Amino acid sequence: MTDERRWLPDLGAGLVVLLLGLLEVANRDYMVDRDGLVLVALAMAGAVALSRHAPAASLALVWLIGVLQVVNAVELMLVELAIAVVAFGCARWGSTATVWVSVLSIPAAAVIAVVYVGINGLDALVEGAGFEQVVEDRYSYGDTWQVAAAVVGMALLGVPWLAGLTLRFVARAQASRASQEHAEEEAAQAVMESEQAREIARLREEQTRLARDVHDVVGHSLAVILAQAESAQYLSDVDTQKLKVTMENIATSARSSLQDVRQVLTPTDRAEPLRSAELDELIAGVRASGHEVVSSEVGAVQPLPPELEVVAFRVLQEMLTNAIRHGRRDEPVFVERHWPDGSWVGELRIEVRNVVDVAADETPPGQGLEGMRRRLESVGGRLDVRRRAATEGETFTVTAWVPVRAGVQ
């Protein structure tokens, strides 16, 4: 709603007060100051119109009316009962200072009125207002009627003031409740968005883990199968027994690959854990492909938790895959495993070293090394990759440290 339309009800109320005031002025039989009464009616209409949007100005206007009315001895008007609207507006919409000034104005106005009447008599304020009979009968009630009149006047103004103050606190309570509900809705929305973000992150992490596992399994199996197929090309046509063995190794590698892929795609809570003995099976599979593998193991073998077994298996699998793809076939692949000495807490060091095949090394690098690094970092391990010059040629060494945790039996 625009500002102009918001003022329409207040301007309408002020117009009603003005019309009632002018009608009262027109019906007066005895006029002392006709212009003064019209001015009072106009001022009261303005005070009512300002009572909601400018309660402080409305209160100031009422005080101005009262002072001028007392100073100039202008008669009271019935329309001045609209001061109750001003009292309500000050308590309902006024600032804190306006609220305090308005509540103090009620007894102050009553005291001023009683003092003024005590000094000048009531006739100066009520002549022509229809209160003459009350003036004539006042002595039958004694000289303390002014106090009773002041109390009644304060009550007439105090009731609308209290009503305005009550509505003020009700509106604040509603606004506070609405604000609290809005804050709770925002908090609930934030929690829901946070849960959605966590779920998306979990799904992405799961997708990354799945892609990494499939890469390791398929890459290793294809590398072994390819090496076996290439070695079969150099067999003589009459050496059917070796050809059968090679084909059997290829079939075994393919079956193992399918089994590993099924295990990777099986939900985590239903997947069977890997066994440490499968590390030796990985090495045996590479030997079966025709590569010479020199394996050594130092220290007492210790059982690993399932998640660390998977990491050790996948890391060694990727190491051997890289050795097959980028290593020379006429040079051995060295595999070393070092277990911590006599301690349940330490690190399993796995190292794979091979001589680089210059022709195969021109193949663009994949995601294997980065995948190994992420796997190890996820469990507190680390990875080191180095190239070194040697007499037999440039060597490629990959070293991984897998933490060995206590409490595994």
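Please read these numbers as outputs of a predicted model, since none were measured by experiment.

**Digging into the packing of helix H11 (residues 306-326) against helix H12 (residues 368-378)**
Step number 1: Running from amino to carboxyl end, H11 crosses H12 at an angle of 160°, the nearest separation of the two axes being 10 Å. Considered as vectors, H11 and H12 are oriented roughly antiparallel to each other. Along this stretch, H11 crosses H12, giving a crossing that reads as left-handed. Here H11 contributes Val 311, Arg 314, Val 315, Glu 318, Met 319 and Asn 322 to the contact with H12, which in turn contributes Gly 368, Leu 369, Met 372, Arg 375 and Leu 376.

**Quick word on the pairing of strand S2 (residues 333-338)**
Step number 1: Here S2 shows one buried face, formed by Val 333, Val 335 and Arg 337, and one open face, formed by Phe 334, Glu 336 and His 338.
Step number 2: The parallel pair strand S1 (residues 293-298) and S2, bridged by H11, forms a crossover whose chirality is left-handed.
Step number 3: In terms of strand pairing, S2 meets strand S3 (residues 346-355) through five bridges, oriented antiparallel. By the bridge assignment for S3, Arg 337 is matched with Ile 350.

**Things to note about the sheet that holds strand S5 (residues 395-404)**
Step number 1: Within the open sheet, the five strands sit side by side as S1-S2-S3-S5-S4. Their pairing is mixed. Each edge of the open sheet is held by one strand with a lone partner, namely S1 and strand S4 (382-388). Each strand of the sheet is rotated relative to its neighbour by a mean of 10°, with strand direction disregarded.
Step number 2: Inspection of the sheet shows S3 paired to S5 by ten bridges, in the antiparallel sense. Its bridge partner lying in S5, Val 355 is registered against Thr 395.
Step number 3: Contacts from helix H10 (residues 278-288) reach S1 and S2, with the element oriented near 165° to S1.
Step number 4: Packing of H11 onto the sheet brings it into contact with S2, S3, S4 and S5, and relative to S3 it is tilted by some 10°.

**Topic: the pattern of salt bridges**
Step number 1: Following the criterion strictly, the structure yields 13 salt bridges and no others.
Step number 2: In this structure, the salt-bridge partner of Asp 280 is Arg 337, at a minimum N-O distance of 2.6 Å. Within this pair, whereas Asp 280 is found in helix H10, its partner Arg 337 is found in strand S2, the two being separated by 57 residues in sequence.
Step number 3: Arg 374 is paired through a salt bridge with Glu 370; the nearest N and O atoms lie 3.4 Å apart. Residue Arg 374 and its partner Glu 370 are both found in helix H12; the two are separated by four residues, about one turn of the helix.
Step number 4: Here Arg 374 falls in the partly exposed class, since its relative accessible area comes to 46%.
Step number 5: By sharing partners, the salt bridges in this structure join Glu 336, Arg 349, Glu 351 and Arg 353 into a single network.

**Structural notes on the packing of aromatic side chains**
Step number 1: Taken as a whole and judged by the stated rule, the model has one aromatic pair.
Step number 2: On the basis of an interplanar angle of 80° and a centroid distance of 5.7 Å, the ring pair of Phe 88 and Trp 93 is categorised as edge-to-face.
Step number 3: Given a relative accessible area of 22%, Phe 88 falls into the partly exposed group.
Step number 4: Positioned above the aromatic ring of Trp 93, the side-chain terminus of Arg 52 is 6.0 Å from the ring centre.

**A short note on the side chain of Ser 105**
Step number 1: Relative to the helices and strands, Ser 105 is located in helix H5 (residues 96-120).
Step number 2: Separated by 3.0 Å, the side chains of Ser 105 and Trp 63 make a polar contact.

**Considering the nonpolar core**
Step number 1: Among the nonpolar cores identified, the biggest contains 35 residues, and Leu 316, Met 319, Leu 320 and Val 335 are the most heavily contacted of them.
Step number 2: At the level of elements, helix H8 (145-232), H10, H11, S2, S3, H12 and S5 are the ones that each hand at least two residues to this core.
Step number 3: It is H11 that provides the largest number of residues to this core, a total of ten residues.
Step number 4: Every residue in contact with Leu 320, bar those within four places of it in the chain, is listed here: His 220, Leu 282, Ile 283, Val 286, Val 333 and Val 335.

**A few points about a nonpolar patch on the surface**
Step number 1: On the surface, Trp 63, Val 67, Val 71 and Ile 112 cluster together to form a nonpolar patch covering roughly 360 Å² of accessible area.
Step number 2: For the nonpolar patch, the leading source of residues is helix H3 (residues 55-71), giving three residues.
Step number 3: Counting through the fold element by element, Ile 112 comes out in helix H5.

Parameters at a glance
Residues numbered from 1 in each chain as written. Predicted model: local features only at pLDDT ≥ 70, side-chain atom pairs only at ≥ 80, totals over all residues. Heavy atoms only, no water. Axes fitted to C-alpha atoms, helices over the stretch in contact; angles between N-to-C directions. Helix = DSSP H or I, 4+ residues; strand = E, 2+ residues; numbered from the N terminus. Parallel < 35°, antiparallel > 145°, perpendicular 65-115°, else oblique. Left-handed = near helix turned anticlockwise from the far one by under 90°. Contact = heavy atoms within 4.5 Å. Buried < 20%, exposed > 50% of the residue type's maximum accessible area, 1.4 Å probe, protein only. Right-handed = clockwise from strand over helix to strand, strands pointing away. Pairing = 2+ DSSP bridges. Salt bridge = Lys/Arg side-chain N within 4 Å of Asp/Glu carboxyl O. Phe/Tyr/Trp six-rings, centres within 6.5 Å; stacked < 30°, edge-to-face > 60°. Lys NZ or Arg CZ within 6 Å of the ring centre and 35° of its normal. Polar contact = N/O pair within 3.5 Å; in protein donor to acceptor, adjacent residues only side chain to side chain. Core = buried A, V, L, I, M, F, W, Y, C linked by side-chain atoms within 4.5 Å. Patch = residues over 30% accessible without salt bridge, like charges linked within 9 Å, V, L, I, M, F, W, Y side chains within 5 Å. Areas by Shrake-Rupley, 256 points an atom, 1.4 Å probe, with all protein chains shown as cover.

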